[in-house]
Amino acid sequence: MGKPLRRRLKPEARKLEIVEAAERLLQAGGARVRVEDVVREAGVAKGTFFLYFPTLDDLLETIRTRIVSEFDTVNPLPTEVEGPVDWPALVESQALAFIAFTLTRRGVGEAVFHSDFAERRPLADHAIHRLTAVIRAGQEAEAFGPVDPEPTARLLYAAIHEAADAVAAGVERMAMQAALQSLLRRTLAP
């Protein structure tokens, strides 16, 4: 009995099939995933993998970009054009959204943000730039005090990230989120 015929897909669909297979494996097993595992999960030949991704790091880079983009899409930043923005509530909601997003993608996040891959290919400070922009906009609207936006964003992001890690490790989520919200309000208060 021969192998089942492989269905023909357009290149972007085949690439997505590989990415989604890798995401499933990373979610379940973290950074221990190998190219062989991905091709087996995706049902493609190793050559097909390398056609789209010259290295495993290239695949991980694609996944990381996809995750960041997904967060930005699901949690867009409003503009004053759309109406008045409650800047303190926005910072808090973005922080809580980050925690929720992180918890649902724990294995993938470990692989693309906290593994040796992340050391080889560090991510630009996207989250810090995003938070810095929110702090600046909130200051312009006179909703935040006179803090230095970029270092404050770095410190707040560290707190937000630690809150997500603590909840993932078993710390009571509601208590952690309440403490984080209090920290954010006090830090940015006018």
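Residues numbered from 1 in each chain as written. Predicted model: local features only at pLDDT ≥ 70, side-chain atom pairs only at ≥ 80, totals over all residues. Heavy atoms only, no water.

### Observations regarding the overall build of the protein chain
Next up, step 1: Along the backbone of the protein chain there are 10 helices and 0 strands.
Next up, step 2: Its helices and strands taken in sequence order, the protein chain reads α-α-α-α-α-α-α-α-α-α from the N to the C terminus.
Next up, step 3: Taken along its principal axes, the extent of the C-alpha atoms in the protein chain is 70 × 40 × 25 Å.
Next up, step 4: Going through the 190 residues of the protein chain one by one, you find that 39% of them count as buried.
Next up, step 5: If you take every contact in the protein chain between residues at least 6 apart in sequence, the share linking residues at least 24 apart comes to 67%.
Next up, step 6: By element, 59% of the accessible surface of the protein chain is carried by carbon and sulfur atoms, the whole surface being about 10900 Å².
Next up, step 7: Side-chain charges of the protein chain comprise 24 positive and 27 negative groups, with the mean position of each set lying 10 Å from the other. (Helix = DSSP H or I, 4+ residues; strand = E, 2+ residues; numbered from the N terminus. Buried < 20%, exposed > 50% of the residue type's maximum accessible area, 1.4 Å probe, protein only. Contact = heavy atoms within 4.5 Å. Areas by Shrake-Rupley, 256 points an atom, 1.4 Å probe, with all protein chains shown as cover. Lys, Arg positive; Asp, Glu negative; His and termini not counted. Charge placed at Lys NZ, Arg CZ, Asp CG, Glu CD.)

### Some thoughts on the environment of Gln94
Next up, step 1: With respect to the helices and strands, the residue Gln94 is situated in helix H5 (residues 87–104).
Next up, step 2: As for Gln94 and Ala141, which are separated by 47 residues in sequence, their C-alpha atoms are 18 Å apart.
Next up, step 3: Leave out the neighbours within four places in its chain, and Gln94 touches Phe71, Asn75, Pro76, Leu77 and Arg130.
Next up, step 4: At 3.4 Å, the side chain of Gln94 forms a polar contact with the backbone oxygen of Asn75. (Polar contact = N/O pair within 3.5 Å; in protein donor to acceptor, adjacent residues only side chain to side chain.)

### Concerning unusual backbone geometry
Next up, step 1: One non-glycine residue, Glu142, adopts positive backbone phi at about 60°.
Next up, step 2: For Glu142, the location among the structural elements is in the loop between helix H8 (126–140) and helix H9 (149–168).

### Some points on the nonpolar core
Next up, step 1: Grouped together as the largest cluster of nonpolar side chains are 47 residues, with contacts concentrated most on Ile18, Phe49, Leu59, Ile63 and Leu180.
Next up, step 2: Of the residues forming this core, the biggest block, 8 residues, is contributed by H5.
Next up, step 3: Sequence-distant contacts of Leu59, defined by excluding residues within four places in its chain, comprise Ile18, Val19, Ala22, Val38, Phe49 and Phe53. (Core = buried A, V, L, I, M, F, W, Y, C linked by side-chain atoms within 4.5 Å.)

### Section: the packing of aromatic side chains
Next up, step 1: Taken as a whole and judged by the stated rule, the model has 5 aromatic pairs.
Next up, step 2: Ring geometry for Phe49 and Phe50: centres 5.1 Å apart, planes at 85°, overall edge-to-face.
Next up, step 3: A relative accessible area of 37% means that Phe50 is categorised as partly exposed.
Next up, step 4: Arranged with centres 5.3 Å apart and planes meeting at 75°, the rings of Phe71 and Phe101 form a pair that is edge-to-face. Here Phe101 lies in helix H5 and Phe71 lies in helix H4 (residues 56–74), a separation of 30 residues in the sequence.
Next up, step 5: The exposure class assigned to Phe71 is buried, which follows from its relative accessible area of 11%.
Next up, step 6: A relative accessible area of 12% means that Phe101 is categorised as buried. (Phe/Tyr/Trp six-rings, centres within 6.5 Å; stacked < 30°, edge-to-face > 60°.)

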